[in-house]
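Listed here are the chains, written in short residue letters.
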Amino acid sequence: KSVEAASNGRNTVLYTAKGQPCYMGIVAHTDMAAVNTELGITRHPAFIVNGVDKSEFFYGLYLGFESNGELISVPGVDPKNNVTFDAAVTLCRANGSGWHVGSNPEFSALALWCRKNGFQPRGNTDYGRSSDLSTERGVDTVTGRLALTTGTATKRTRTGSGPVSWRHDNSPFGISDMCGNTWEWQTGVRVNMGEIQIHENNNAALVTADFSAGSAAWKAIDGATGALVAPGTAGTVKYANANSGTADFTLYRASGGSFEGMVNSTGANPVGAAALTLLKSLCMFPIASAGLGGDAFYLNTAIEALPLRGGYWAGAAGAGVFSLACTDARSYSYTYLGVRPAFVL
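The model shown is predicted, which means the values in this text are computed figures rather than measured ones.

A. Here's a closer look at the overall build of the protein. Tallying secondary structure elements over the protein gives five helices and 21 strands in all. For 345 residues, the compact-globule estimate of 2.2 N^0.38 gives 20 Å, and the C-alpha radius of gyration of the protein, at 19 Å, lies within 12% of that figure. Dimensions of the protein, computed from the C-alpha atoms along their principal axes, are close to 55 × 45 × 40 Å. Residues classed as buried in the protein amount to 56% of the 345 residues present. A separation threshold of at least 6 residues defines the contact pool for the protein, and within that pool the share at least 24 residues apart is 67%. A total accessible area of about 12,700 Å² is found for the protein, and carbon and sulfur atoms account for 53% of it. Between the centroid of the 25 positive side chains of the protein and the centroid of its 26 negative side chains there is a distance of 4 Å.

B. Expanded view of the pairing of strand β18 (residues 304-310). Burial within β18 is extensive, with seven of its seven residues counted as buried. Taken together, the two bridges between strand β9 (residues 183-185) and β18 define a ladder with antiparallel strand orientation. When the bridges of β18 are listed, Trp-185 appears paired with Leu-308. Where β18 meets strand β19 (residues 320-328), four bridges bridge the pair, whose relative direction is antiparallel. Its bridge partner lying in β19, Gly-310 is registered against Gly-320.

C. Here's a closer look at the side chain of Asn-203. Within the secondary structure, Asn-203 is located in the loop between β11 (195-198) and β12 (219-221). Of the residues examined, Asn-203 reaches a relative accessible area of 17% and is grouped as buried. Setting aside residues no more than four positions away along its own chain, Asn-203 makes contact with Ile-48, Val-49, Asn-50, Gly-51 and Ala-209.

D. Spotlight on the nonpolar core. Core analysis: the biggest nonpolar cluster contains 52 residues, and Ile-196, Tyr-239, Leu-251 and Met-284 have the highest contact counts within it. Elements represented by at least two residues in this core include exactly α2 (33-39), β5 (56-60), α4 (104-116), β10 (189-192), β11, α5 (273-281), β17 (297-299) and β19. The greatest single-element share of this core, amounting to seven residues, is contributed by α4. By size, the runner-up hydrophobic cluster in this structure holds 21 residues, among which are Val-83, Phe-85, Val-101 and Val-339.

E. Focus on the pattern of salt bridges. One pass over the structure, following the stated rule, counts twelve salt bridges. Between Asp-169 and Arg-10 there is a salt bridge, with the nearest N and O atoms lying 2.2 Å from each other. A residue pair is termed long-range when its members are at least 10 positions apart, and Asp-169 in the loop between α4 and β9 and Arg-10 in the loop between α1 (2-6) and β1 (11-15) qualify at 159 residues. By relative accessible area, which is 18% here, Asp-169 ends up buried. For Arg-10, a relative accessible area of 33% gives the class partly exposed.

F. Structural view of the packing of aromatic side chains. Applying the stated criterion across every chain yields a total of twelve aromatic pairs. Here Trp-183 and Tyr-298 contribute two aromatic rings whose centre-to-centre distance is 6.2 Å and whose plane-to-plane angle is 80°, an arrangement assigned as edge-to-face. Placement of Trp-183 in strand β9 and of Tyr-298 in strand β17 is noted, with a sequence separation of 115 residues between them. Ring pairs connect the aromatic residues Tyr-312, Trp-313, Tyr-334 and Tyr-336, which therefore count as one cluster.

G. Here's a closer look at the sheet that holds strand β2 (residues 21-28). The strand order across the open sheet formed by five strands is β1-β2-β5-β21-β8, and the pairing between neighbours is antiparallel. The open sheet has two free edges, formed respectively by β1 and β8 (99-101), since each of these has just one partner strand. Adjacent strand axes in the sheet meet at a mean angle of 40° when their direction is disregarded. As paired elements, β8 and strand β21 (residues 341-343) share three bridges and run antiparallel to each other.

H. Local environment of the environment of Ser-265. Its place among the elements puts Ser-265 in the loop between β16 (263-264) and α5. Through-space distance from the C-alpha of Ser-265 to that of Gly-245 is 6.4 Å; in sequence the pair is 20 residues apart.

I. A look at the pairing of β5. Burial within β5 is extensive, with four of its five residues counted as buried. Bridge count for β5 against β21 is two bridges, and the pairing is antiparallel. By the bridge assignment for β21, Tyr-59 is matched with Ala-342.

J. Quick peek at the environment of Asp-78. Looking at where Asp-78 falls in the secondary structure, it is placed in the loop between β7 (70-72) and α3 (85-93). The exposure class assigned to Asp-78 is partly exposed, which follows from its relative accessible area of 28%. Here the alpha-carbon distance between Asp-78 and Thr-141, two residues 63 residues apart in the chain, equals 5.4 Å. When neighbours within four sequence positions are excluded, Asp-78 is seen to be in contact with Phe-65, Thr-141 and Arg-156. Of the polar contacts made by the side chain of Asp-78, one reaches the side chain of Arg-156; its length is 2.6 Å.

Conventions used here
Residues numbered from 1 in each chain as written. Predicted model: local features only at pLDDT ≥ 70, side-chain atom pairs only at ≥ 80, totals over all residues. Heavy atoms only, no water. Helix = DSSP H or I, 4+ residues; strand = E, 2+ residues; numbered from the N terminus. Rg over C-alpha atoms; globule rule 2.2 N^0.38 Å. Buried < 20%, exposed > 50% of the residue type's maximum accessible area, 1.4 Å probe, protein only. Contact = heavy atoms within 4.5 Å. Areas by Shrake-Rupley, 256 points an atom, 1.4 Å probe, with all protein chains shown as cover. Lys, Arg positive; Asp, Glu negative; His and termini not counted. Charge placed at Lys NZ, Arg CZ, Asp CG, Glu CD. Pairing = 2+ DSSP bridges. Core = buried A, V, L, I, M, F, W, Y, C linked by side-chain atoms within 4.5 Å. Salt bridge = Lys/Arg side-chain N within 4 Å of Asp/Glu carboxyl O. Phe/Tyr/Trp six-rings, centres within 6.5 Å; stacked < 30°, edge-to-face > 60°. Axes fitted to C-alpha atoms, helices over the stretch in contact; angles between N-to-C directions. Polar contact = N/O pair within 3.5 Å; in protein donor to acceptor, adjacent residues only side chain to side chain.

This is the structure:
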């Protein structure tokens, strides 16, 4: 209650199955009103779980930290890293019912809120510093001191140790490190051999959600209608690195380019309005062609790629809340790859 009172109801503490505290941001559906209006929808997908409307979800104020076999959200620690997708899911579900890896619909809802409210957070994008404002520094996870003003000694910074401009709403009560520090695994979306596939709405938050490669929960998106269909169905939305001018229902952006520079097909059958609205709500297609910070987009259409969001400590200007990497297999792990816990009642 003291946390809720101090934050004016914006933060709370939830407890895991083993009684460990997790500091969480409360993300209310009512906060999305302006975003939903811009998208032309009544409810963002992040607030629909298993067909039930949710008034809120709880999102880790901090990147996840492994403690006693669970993934918790606490300040001042070295965030969990070097974790595969499946291991991240297992670790977070150990927290108990309602706990899950922060999903792509949830991250996207927050990113869109940031843009609509005129602030995109900075973060550890230049070896402990912000690449946009080098005077902003976090605390080195190894030394326990502020990152140096120059050089490349610092990699990860301690959770929440940056200034308030590293929080999603530019306040002490905002969600930290959505820009930089470590990439974050996302659930509920994948790019499988170029085809965009999703779990419906925020069903990725379910403890029963099946993210396996052959899961029937994966659905492709009909390029003309936006309906969810079986993967491999003719006419579904795909990604490609270049615009051939003839491929149907294909979105294009060269890997390494800006996310906001992604374009629709110029062929006879571009992706239709309904499908684009869905993809914009999930930040899989830019809501605008400018003003998204130049955050980077990375693509590999030759594998099943599970998406990463946010960028990392050396991502420079390409890191940010709209940065998206669809390049890595579920078995991949590295020191710049982390995960965040979330909760839905």
